[in-house]
Amino acid sequence: ELDREQHAGFLRLFNRRRDRRARPGLDERLGGKITLHGVSHEVTLHDVSMGGASVRVPSDLGLEVGSEFELRFSIPRSGYEIVCLAEVKSLCSDALGTRAGVATALVPESDTKRNLDRAQAALADYIERRVTDMERYNSAFE
């Protein structure tokens, strides 16, 4: 509800995602592929939620807020792959490249409804497991 022009500095202090985000475990890498202008690029997901992700992408892609691309990633310890349309909501560059915060929507044509439902359930289970692990770890050091 903040006026974005007057309070733009406050926006980075708030989690603007609708869904809880989870980072991969220390012993796993959450990799994926994006397809932009017909070209595939390997990427790493920094974190994921049911409605978005933070994706480390090559800096030379020329992404802008509002850009769209296909994002594919496999859910760890499951046989399911998520295929979604991703819209860039934020960009942050650093020495390791560019991290894009994206909102995602499943591509319904990517699989059967049954498999899409199972993939979403597997993603929800993965996120819940990781959030629980992260909270357990954080509480051990409080």
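In this numbering scheme, every chain counts its residues from 1 along its sequence in written order. Side-chain atom pairs in this predicted model are given and counted only at pLDDT of 80 or more, local residue features only at pLDDT of at least 70, and totals for whole chains, interfaces and linings cover all residues. The side-chain values count all of the structure's non-hydrogen atoms but skip hydrogen atoms and water molecules.

Engineer: An account of the environment of Y126 is requested, with residue identities and associated values reported.
Structural biologist: Strands here mean DSSP runs of E at least two residues long; helices mean DSSP runs of H or I at least four residues long; both are numbered from the N terminus. Relative to the elements of secondary structure, Y126 occurs in helix α2 (residues 113-140). Relative accessible area decides the class of each residue, using a 1.4 Å probe on protein chains only: under 20% of the type maximum gives buried, over 50% gives exposed, and in between gives partly exposed. Using a relative accessible area of 1% as the deciding quantity, one classes Y126 as buried. By definition, residues are in contact when any of their heavy atoms lie within 4.5 Å. Leaving out residues up to four positions away in the same chain, Y126 has contacts with R23, P24, G25, E28, L30, V48, I75 and P76.

Engineer: Lay out α2 with the relevant residues and their values.
Structural biologist: Between its first and last C-alpha, α2 extends 41 Å over 28 residues, near the 40 Å set by a 1.5 Å rise per residue. Here α2 has its buried residues at L116, A119, A122, L123, Y126, I127, R130 and V131. Here the buried face of α2 lies against β2 (39-49), β4 (68-74) and β5 (81-94). Expected span of a helix: the number of residues minus one, times 1.5 Å.

Engineer: Can you explain the nonpolar core? Please cite residues and give values.
Structural biologist: To define a nonpolar core, start from buried Ala, Val, Leu, Ile, Met, Phe, Trp, Tyr and Cys residues and group those joined through side-chain atoms within 4.5 Å. In terms of nonpolar packing, the biggest core is built from 28 residues, with L45, V48, F69 and L71 touching the most fellow members. Among the secondary structure elements, those contributing two or more residues to this core are β1 (31-36), β2, β3 (52-57), β4, β5, β6 (97-106) and α2.

Engineer: Any chance you could break down the pairing of β2 for me, citing the residues and the numbers?
Structural biologist: Alignment of β1 against β2, held across 6 bridges, turns out to be antiparallel. Bridging across to β2, L36 finds its partner in V39. Hairpin remark: β1 followed by β2, antiparallel, with 2 residues in the connecting loop; positive phi at H37, about 55°. As paired elements, β2 and β3 share 5 bridges and run antiparallel to each other. Note that in β3 the partner of L45 across the bridge is V55. Remark: 2 residues form the turn of the hairpin made by β2 and β3, two consecutive strands paired antiparallel. Any two strands between which DSSP finds at least two bridges are classified as paired.

Engineer: Which residues make up the confidence of the model for the protein chain, and what are the values?
Structural biologist: When pLDDT is averaged along the protein chain, the result is 86, and 87% of the positions lie at 70 or above. Taken element by element, the protein chain is modelled with least confidence in helix α1 (residues 8-11), mean pLDDT 53, and with most confidence in β4, mean pLDDT 96. pLDDT is a residue-level measure of predictor confidence that goes from 0 to 100.

Engineer: Describe in detail the pattern of salt bridges, supporting the description with residues and values.
Structural biologist: Every case where a carboxyl oxygen of Asp or Glu lies within 4 Å of a side-chain nitrogen of Lys or Arg is listed as a salt bridge. Applying the stated criterion across every chain yields a total of 12 salt bridges. Between K33 and E42 there is a salt bridge, with its nearest N and O atoms 4.0 Å apart. Residue K33 is classed as partly exposed on the basis of its relative accessible area of 39%. Exposure remark for E42: the relative accessible area of 55% places this residue in the exposed category. Here R72 makes a salt bridge to E81, at a shortest N to O gap of 3.0 Å. Exposure remark for R72: the relative accessible area of 31% places this residue in the partly exposed category. One salt-bridge network, in which partners are shared between bridges, spans D27, E28 and R77.

Engineer: Lay out the sheet that holds β5 in plain terms, naming residues and giving numbers.
Structural biologist: Read once around its circumference, the closed barrel built from 6 strands follows the order β1-β2-β3-β6-β5-β4, with strand pairing classed as antiparallel. Here the strands of the sheet are splayed against their neighbours by 45° on average, with no regard to which way each runs. Note: β5 against β6, 10 bridges, orientation antiparallel. Across the sheet, residue C92 finds its bridge partner in β6, namely R99. Packing against the sheet, α2 makes contact with β2, β4, β5 and β6, and its axis sits at approximately 50° to β2. To define axes, lines are fitted to C-alpha atoms, for helices over the stretch in contact only, and angles between the resulting N-to-C directions are given on a 0 to 180 degree scale.

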